[in-house]
Amino acid sequence: FPPTGKTPSESSRRIFVMAATPFRYYEFIGGPTHDALFQQYTTAPAFIELPGDLDYSELHFFRKGGGRASSFCWLTGPGIYSGSFSFGSQNAGDSIIFDYKLVPYLAPSAPLGILATEFHWFVLFFDRLQVISQLTEALAWEYVFQSRHIYGDMRGMVSDPATGRVWVYADYMVNEVIVTGEDHDVWRCYLERGQFDAALQHCRDLTQREKVLCAQADHYFSERQSELAASVYAKTKRSFEEVALKFITLGEKDALKRYLSDKLDNMRSSDRAQLTMACAWLCEMYLDKLNAVKDTGGGDEYGHQLDEFKHFLQDNVPNLDPPTTYQLILHHGRMDLMLYYAELNGDHDRVVTHHVQRRQWDKALECLAKAADASLFYKHSPTLMQHAPVGTVNTWIEATRGIHSLLDPRKLMPALIRYDPATNPTGHTTNQAVRFLSHCSRNLRTDDPVLLNYLATLYCKQEDDEAILAFLSEQGGADGRVDLQLAMRVCKEANKPQPCCRILSWLGQYEQAVDLALSIKDFELAKLIAEEAQGSDELRHRLWLSIARYVIEEEKDVKKAIAFIGETDILKVEDILPFFPDFALIDDFKEAICSSLEDYHRHIEDLKRGMEEATRSAELIRKDMNELRGRFGIVRSQHECEWCRTPVLSAGLYLFPCGHAFHIDCQERHMMREHLSDAERRRVRQLKASLASGGDAAANRGG
């Protein structure tokens with residue numbers, strides 16, 4: 001056997017040998033071999049002597065399931081000597097036997113042999129077989145042999161250690177003793193002896209177990225071991241009120257708390273009312289205990305009780321009634337525990353409201369971010385935006401960055417409207433409403449006109465014109481989602497002429513935009529707007545002419561006006577001559593006039609060359625037509641269209657000099673599909689429609 005109960009190695013293995021004579025038994029302990037075991041006993045080993053009048057003896061061991069022996073019985077003259085083994089770290093000279101006893105025989109004659117089972121001894125006499133209970137030492141069963149002339153004399157008794165079967169043999173016959181239900185009343189025997197744990201191990205049904213538990217709990221209660229009694233009572237079906245009153249009568253609050261806690265673990269989930277009542281009672285007891293420990297100044301004990309209560313709340317969130325629990329905690333003034341329970345219960349609204357009421361903005365925002373509940377954002381954001389705008393916007397951005405659909409920016413408009421940039425903390429000059437709405441526009445790709453119009457309004461109120469111009473360029477324009485009329489009104493109120501010019505141009509009011517740009521002497525902006533006015537040369541001509549007139553009449557700068565003509569292909573020098581003063585010197589624009597005349601001359605020369613080119617092309621075409629009049633091709637009946645592979649003579653066709661022939665419709669579809677753009681295809685359809693209408697008109701006139 002191993003000294004520590006673990007699997008022994010060869011060097012640490014110990015051997016126990018027990019030897020018996022009719023009057024003595026000896027114990028030998030040692031190892032790891034039998035030689036080493038007996039070599040250390042140089043003198044007679046210790047022994048136990050029981051004098052008697054028998055000249056024979058038996059020593060039997062009981063082992064369960066083929067394991068190590070757990071008990072023994074020794075046949076002696078005075079009676080059955082038995083005991084149990086406790087294998088540990090014993091050495092030579094020590095004893096491993098405990099719980100030993102001598103049980104006298106229950107018959108006047110001497111026994112022939114004995115055997116041991118788990119709970120009984122089999123004692124064979126010459127005329128009977130007795131079974132004695134090891135627990136009560138009383139006779140459990142007896143069989144008297146009546147037919148000795150058939151059996152002969154009894155000789156002995158043996159058992160099979162593997163199967164536990166028992167045989168009694170006589171001179172002429174062998175009988176098997178069948179053992180059934182040996183442990184039937186073992187639990188009751190252990191219970192009567194007060195060995196409750198052993199009794200529980202041998203209970204066969206819930207009724208027996210209930211009796212043992214009730215007896216054990218009553219025993220502990222009578223011995224004033226209240227907490228042990230509470231733990232056992234919780235496992236029984238004893239009335240809840242009865243047990244609770246027992247502990248209340250004795251003033252055992254700790255035992256009552258232990259009972260409620262253990263009873264809670266044994267309740268079914270369907271017993272909602274009892275679960276809720278027990279949890280509420282336990283909650284109040286924990287709070288009372290915390291206050292009592294805090295008043296006495298026990299720091300370590302207080303920390304232990306606080307951790308235990310928090311674990312209780314964490315484990316019983318579904319069983320606690322929230323209104324009752326909040327009332328109990330607040331009645332004891334434990335705001336920290338109220339917040340802890342609210343977080344466990346998912347009541348983030350209560351936690352955020354608590355922090356907001358105490359102006360703990362950072363904690364409120366932290367709880368909002370942890371809850372990830374859109375309704376809480378909408379409810380508390382107006383207040384938070386007034387007092388902690390930077391942190392609030394940071395929380396919004398983080399919430400929408402992870403889950404774009406978590407927040408609806410439009411529902412945050414009340415908070416944005418109540419925001420005042422003056423409440424920004426020191427060192428933060430950025431408008432937080434603009435910051436969040438810009439995030440919605442750029443990162444969330446929002447197309448909500450309400451948000452975009454409000455963002456445009458905020459941009460218009462800023463001193464820098466670049467922000468509103470960049471935003472309107474991105475979101476405005478003719479097809480933009482921003483209300484340009486609204487932006488125009490706000491820019492006028494804010495006295496921002498440059499954004500007004502751009503908005504007018506996007507609204508298509510180019511002339512008003514150019515006039516406004518010239519009124520603020522922004523010559524470059526006026527030219528930019530005039531250049532953007534595409535689609536009508538007449539409009540562009542008027543715009544550029546208006547700018548030129550302004551330069552000539554307002555700035556009195558002839559040279560600048562002449563240089564201005566070179567920046568556009570719309571105006572000529574003759575267009576601006578009427579705007580010059582009557583006494584303007586010809587030298588100031590002589591070069592421009594000469595340049596214009598040279599342009600006209602080059603244009604005339606280009607026209608002449610074009611006419612000559614057209615004449616030569618016409619001659620070549622006439623020549624080709626004359627040559628083509630005598631050209632012919634042969635198409636046979638079996639000739640197929642190269643595209644659809646059907647007879648080519650079945651419809652109108654094209655025949656090429658190479659010999660390939662195509663249906664007119666097939667060739668047209670191929671060209672339209674493979675070689676023409678969308679615009680070119682539309683143009684072809686228009687021409688075909690025009691030709692068809694012209695043919696119909698000619699046919700009608702002919703008719």
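Higher on the page you've got the structure.
A brief structural summary. (Residues numbered from 1 in each chain as written. Predicted model: local features only at pLDDT ≥ 70, side-chain atom pairs only at ≥ 80, totals over all residues. Heavy atoms only, no water.)

### Quick look at the overall build of the protein chain
In step 1: Counting secondary structure elements, the protein chain contains 30 helices and 16 strands.
In step 2: Put simply, the protein chain has 703 residues, and 39% of those count as buried.
In step 3: Long-range contacts, defined as pairs at least 24 residues apart, comprise 43% of the intrachain contacts of the protein chain with a sequence gap of at least 6.
In step 4: Surface accessibility of the protein chain: about 40700 Å² in total, with carbon and sulfur atoms responsible for 51%. (Helix = DSSP H or I, 4+ residues; strand = E, 2+ residues; numbered from the N terminus. Buried < 20%, exposed > 50% of the residue type's maximum accessible area, 1.4 Å probe, protein only. Contact = heavy atoms within 4.5 Å. Areas by Shrake-Rupley, 256 points an atom, 1.4 Å probe, with all protein chains shown as cover.)

### Side note on the packing of aromatic side chains
In step 1: Within this structure, the stated rule accounts for 32 aromatic pairs.
In step 2: Look at Tyr 286 and Phe 312: their rings are 5.2 Å apart centre to centre, the planes differ by 35°, and that puts the pair in the tilted class. Of this pair, Tyr 286 sits in helix H9 (residues 272–296) while Phe 312 sits in helix H10 (residues 299–315), placing them 26 residues apart in sequence.
In step 3: The class of Phe 312 is buried, set by a relative accessible area of 5%.
In step 4: These aromatic residues form a ring-pair network of at least three members: Phe 16, Tyr 25, Phe 61, Phe 72, Trp 74, Tyr 81, Phe 85, Phe 87 and Tyr 100.
In step 5: In this arrangement the basic side chain of Lys 246 is found over the ring face of Phe 221, its NZ or CZ atom lying 4.8 Å from the centre. (Phe/Tyr/Trp six-rings, centres within 6.5 Å; stacked < 30°, edge-to-face > 60°. Lys NZ or Arg CZ within 6 Å of the ring centre and 35° of its normal.)

### With respect to the packing of helix H14 (residues 361–371) against helix H15 (residues 374–387)
In step 1: Closest axis-to-axis distance for the H14/H15 pair is 11 Å, and the angle between their directions is 155°. Viewed along their axes, H14 and H15 adopt a mutual orientation that is roughly antiparallel. The element H14 and its partner H15 pack so that their crossing is left-handed. Contacts between H14 and H15 involve Trp 361, Ala 364, Leu 365, Leu 368, Ala 369 and Ala 371 from the first element and Leu 376, Phe 377, Thr 383, Leu 384 and His 387 from the second.
In step 2: Of the residues contributing to the contact of H14 with H15, the split by class is nine nonpolar, two polar and no charged. (Axes fitted to C-alpha atoms, helices over the stretch in contact; angles between N-to-C directions. Parallel < 35°, antiparallel > 145°, perpendicular 65-115°, else oblique. Left-handed = near helix turned anticlockwise from the far one by under 90°. Nonpolar A, V, L, I, M, F, W, Y, C, P; charged D, E, K, R; others polar.)

### Observations regarding the nonpolar core
In step 1: Residues Phe 247, Tyr 259, Phe 312 and Trp 396 are the most contacted members of the largest nonpolar core, which totals 121 residues.
In step 2: The biggest single contributor to this core is H9, with 10 residues.
In step 3: Phe 28, Leu 37, Ile 96 and Ile 97 belong to the second largest nonpolar core, which has 17 residues in total. (Core = buried A, V, L, I, M, F, W, Y, C linked by side-chain atoms within 4.5 Å.)

### Concerning the sheet that holds strand S5 (residues 71–75)
In step 1: Pairing is antiparallel across the open sheet formed by four strands, whose spatial order is S4-S5-S6-S7. Strands with a single pairing partner mark the edges of an open sheet, and in this sheet they are strand S4 (59–62) and strand S7 (97–103). For this sheet, the mean inter-axis angle between neighbouring strands, taken without regard to orientation, is 15°.
In step 2: Across four bridges, the pairing between S4 and S5 is antiparallel. Within S5, the position partnered with Leu 59 by the bridge is Trp 74. (Pairing = 2+ DSSP bridges.)

### Some details on the pairing of strand S2 (residues 24–30)
If a strand is regular, its side chains alternate between the two faces of the sheet.
In step 1: Of all the seven residues making up S2, six are buried; the element is thus mostly covered by neighbouring parts of the structure.
In step 2: Where strand S1 (residues 15–20) and S2 come together, six bridges link them in antiparallel fashion. Opposite Met 18, over in S2, you have Glu 27 as the bridge partner.
In step 3: The antiparallel pairing of S1 with S2 creates a hairpin that spans three residues between the two strands.
In step 4: One ladder, built from three bridges, connects S2 with strand S3 (residues 47–49); its direction is antiparallel. Residue Tyr 26 lies in a different strand from S3, and its bridge partner there is Phe 47.

### With respect to the side chain of His 663
In step 1: Relative to the helices and strands, His 663 resides in strand S16 (residues 661–663).
In step 2: At a separation of 3.4 Å, a polar atom in the side chain of His 663 contacts the main-chain carbonyl oxygen of Val 648.
In step 3: Excluding residues within four positions of it along the chain, His 663 makes contact with Cys 641, Cys 644, Thr 646, Pro 647, Val 648, Ser 650, Ala 651, Gly 652 and Leu 653. (Polar contact = N/O pair within 3.5 Å; in protein donor to acceptor, adjacent residues only side chain to side chain.)

Function cannot be read off these values alone, since they describe shape.
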